[in-house]
Amino acid sequence: MDTLKVALVGSGHIAAVKHLPAIAALAPRARAVAVVDIDREQAGTLAGRFQIQGVYTDLEEMLSKERPDVVDICTPPKTHAPIAVQCIQAGAHVLLEKPMCQTETECDQVMAAAKEHRRKVCIAHSDLFYPSFYKARKMLERGDIGKFRGMRIHLSTPVTYITSKPDHWAHKLPGGVFGESGPHVVYLTLPFINPIREVQIIGRKVLEEHPWSSYEDYRLNLIGDEATSSVSMIYDTKQWSGQIDLWGEDGTLRVDMESQALIHTRREELKLIPVGLSSLGEAAQILMSGLGTGFEMMTRRYTQTHQALLGAFVDAIVGDTESPVPGEQGKETIRVMNMITQQL
């Protein structure tokens, strides 16, 4: 199989810590050939770290000289649609960091170009590729917890990641920092509740010392025909945290996004011995998950979510199969995000 040539547009944090390491890990199936950014010095520094020869400030020049098979777009959302369309018209498949675009119309423009030029589009809904989340989806589909009744998502992002940075582009998005990381909770909900018919949201301003930040505490409900996803997202602590609970008639699944623990519980009665046995079972599941994840990380066998996503996209391109996260999923996420930000 020929190695796919990948060009990266945007040389910021997400490109440096997620996308380029993922591309490097896919060798020899794919390799990065160029980095494009209006800040040539930053692009050159990043390219040097990953031994990438091509450094450009002009997208058209890069597309003409490098003729990449795939363009990985890691720029602010307002630029996604025009960059993606230009790359598709030049013959490249495109991977778009979330959110796909800012409006449904822009999503349609990208998908129309992809259809016309027979190129594939993939949206970087990376959290779908956590092993624990994937296993939980399969367990629910098998009926391991009975009929699905609802879910809860909690995400905590440290203040220093975005909130404390007055010049970060996320503060200019509708809804503030929620516009940057809110897509995560929407696309994690959609495999279970689709379509989302109604949204309810409360945004609270907690940190007055950061006046550029719209809110640091968000609570919302994503409401479908038969179930609701209740979400808390906080940006006012020093902590990273991510948990998902899935409730069924016959049990509960809890996913820890950091440790990759997946805990399956059943508590049909609150008597002392059954609760004690259930607690021991939960502890055993946490221990085994922790040992497994720790071993994989220590031996560098752990597959990062962006690597899994990019690997699946490479497979789709080579095998001419459906994108792992097609544009339609990105557009549906944007539809729900716009419902939320209109309320905010």
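I will try to describe carefully the structure that is included in this document. (Residues numbered from 1 in each chain as written. Predicted model: local features only at pLDDT ≥ 70, side-chain atom pairs only at ≥ 80, totals over all residues. Heavy atoms only, no water.)

Let's talk about helix 6 (residues 131–142)
The condition is simple: Helix and strand definitions here come from DSSP, where helices need a minimum of 4 consecutive H or I residues and strands a minimum of 2 consecutive E residues; each element is numbered from the N-terminal end. A helix's residues, less one, multiplied by 1.5 Å, set its expected span. Working definition: with a 1.4 Å probe on protein chains only, accessible area under 20% of the residue-type maximum means buried, over 50% means exposed, and in between means partly exposed. The reported arc concerns the directions from the helix axis to the C-beta atoms and nothing else. By definition, residues are in contact when any of their heavy atoms lie within 4.5 Å.
In this model, helix 6 (12 residues) spans 17 Å end to end at C-alpha, consistent with the 16 Å of a helix rising 1.5 Å per residue. Burial in helix 6 covers these residues: Ser132, Phe133, Ala136, Met139 and Leu140. Projected down its long axis, helix 6 carries its buried residues within an arc of 120°, all on one side. Counted as exposed and oriented over 90 degrees from the buried face of helix 6: Lys135, Glu141 and Arg142. Contact partners of the buried residues in helix 6: strand 7 (148–156), helix 7 (178–189), strand 11 (241–248), strand 12 (251–256) and strand 13 (262–265). Positive backbone phi, at 85°, marks Gly143, one or two positions downstream of helix 6.

Notes on the packing of aromatic side chains
Definition in use: A pair of aromatic rings is counted whenever rings of Phe, Tyr or Trp (Trp by its six-membered ring) have centres within 6.5 Å, and the orientation is called stacked for planes under 30 degrees apart, edge-to-face for over 60 and tilted otherwise.
Using the criterion set out here, one finds 6 aromatic pairs in the structure. When the centroid spacing of 5.1 Å and the interplanar angle of 70° are considered together, the rings of Tyr161 and Trp240 count as edge-to-face. Of this pair, Tyr161 sits in the loop between strand 7 and helix 7 while Trp240 sits in the loop between strand 10 (228–234) and strand 11, placing them 79 residues apart in sequence. Exposure remark for Tyr161: the relative accessible area of 24% places this residue in the partly exposed category. With a centroid separation of 5.2 Å and 35° between ring planes, the pair formed by Phe178 and Tyr218 is classed as tilted. In this pair, Phe178 sits in helix 7 while Tyr218 sits in strand 9 (residues 217–223), placing the two residues 40 residues apart along the sequence. The exposure class of Phe178 is buried, given its relative accessible area of 0%. Judged by its relative accessible area of 0%, Tyr218 is buried.

Details of empty space enclosed by the protein
Threshold: Cavities and pockets are defined on a 1 Å grid built over the protein atoms alone: a cavity is a set of grid points where a 1.4 Å probe fits but cannot escape, while a pocket is an open set with protein on both sides within 12 Å along at least five of seven lines, and lining residues are those with an atom within 4 Å of any such point. Grid points are joined across faces, edges and corners, and a volume is the space filled by probe spheres set on the points. Lys, Arg, Asp and Glu make up the charged group, whereas Ala, Val, Leu, Ile, Met, Phe, Trp, Tyr, Cys and Pro make up the nonpolar group; the residues left over, Gly among them, are polar.
Considering all chains together, one arrives at 1 cavity of 30 Å³ or more under this definition. Quantified by volume, the largest cavity comes out at close to 40 Å³. Surrounding the largest cavity, Leu4, Val6, Ile23, Leu26, Ala30, Val70, Leu310, Phe313 and Val314 form its lining. With 3 residues, helix 9 (residues 305–319) is the largest single contributor of residues to the lining of the largest cavity. A class-by-class count of the residues in the lining of the largest cavity yields 9 nonpolar, no polar and no charged.

Re the nonpolar core
The tendency in soluble globular proteins is for nonpolar side chains to be buried as a group. As a reminder of what qualifies: By nonpolar core is meant a set of buried Ala, Val, Leu, Ile, Met, Phe, Trp, Tyr and Cys residues that side-chain atoms within 4.5 Å join together.
Membership of the largest hydrophobic core comes to 100 residues, with the highest contact counts inside it found for Val71, Val110, Ile244, Leu246 and Ile340. For Leu246, the contacting residues outside a window of four places in its chain are Ala136, Leu140, Ile145, Phe148, Gly150, Met151, Phe192, Gly251, Thr252 and Leu253.

Concerning the sheet that holds strand 7
For clarity, the threshold we go by: Paired strands are those between which DSSP finds at least two bridges. The convention used is that axes are lines fitted to C-alpha atoms, helices contributing only their stretch in contact, and that angles between N-to-C directions extend from 0 to 180 degrees.
Here 7 strands make up an open sheet; going across it, the order is 8-9-10-7-11-12-13 and the pairing mixed. Every other strand in the sheet has two partners, leaving strand 8 (198–204) and strand 13 as the edge strands with one partner each. Direction aside, the axes of adjacent strands within the sheet are offset by 10° on average. Two strands pair when backbone bridges link them, and strand 8 and strand 9 are joined in this way by 7 bridges, in the antiparallel orientation. Of the residues in strand 9, the one forming a bridge with Arg204 is Asp217. Sitting on the sheet, helix 6 is in contact with strand 7, strand 11, strand 12 and strand 13, with an inclination near 165° to strand 12. Relative to the sheet, helix 7 contacts strand 7, strand 9, strand 10 and strand 11, its axis offset from that of strand 7 by approximately 155°.

A closer look at a nonpolar patch on the surface
What counts, and what does not: For patches, a residue must show more than 30% relative accessible area and have no salt bridge; joins then use 9 Å for like charges and 5 Å for nonpolar side chains, namely Val, Leu, Ile, Met, Phe, Trp and Tyr. All accessibility values rest on the Shrake-Rupley procedure with a 1.4 Å probe; residue burial counts only the protein chains present in the view. The working definition used for a salt bridge is a side-chain nitrogen of Lys or Arg within 4 Å of a carboxyl oxygen of Asp or Glu.
A contiguous nonpolar patch, built from Ile273, Leu277 and Leu280 and spanning about 360 Å² of accessible area, is present on the exposed surface. In this fold, Leu277 is placed in helix 8 (residues 272–298).

So, unusual backbone geometry
Here the residue pair Lys98 and Pro99 is connected by a cis peptide bond, since its omega of -10° sits within 30 degrees of zero. Positionally, Pro99 belongs in the loop between strand 5 (93–97) and helix 5 (104–117). Looking along the chain, the bond that leaves Asn194 and enters Pro195 is cis, with omega of 10°. Tracing the backbone through its elements, the reader meets Pro195 in the loop between helix 7 and strand 8. A positive phi angle, close to 55°, is found at Gln51, a residue other than glycine. Tracing the backbone shows Gln51 in the loop between helix 2 (40–49) and strand 3 (54–56). Residue Gln260 is not a glycine yet carries a positive backbone phi of 65°.

A few points about the pairing of strand 1 (residues 4–9)
For the record, the criterion: The crossover handedness rule: strands pointing away from the viewer, path from first strand over the helix to second strand clockwise, crossover right-handed.
Of all 6 residues in strand 1, 5 are buried, a share of seventy percent or more. By the bridge criterion, 6 bridges tie strand 1 to strand 2 (residues 30–36) in an arrangement that is parallel. What sits directly across from Leu4, in strand 2, is Ala30. This β-α-β element, strand 1 to helix 1 (residues 13–25) to strand 2, shows right-handed connectivity. In the sheet, strand 1 pairs with strand 4 (residues 70–73) via 4 bridges, with the strands oriented parallel.

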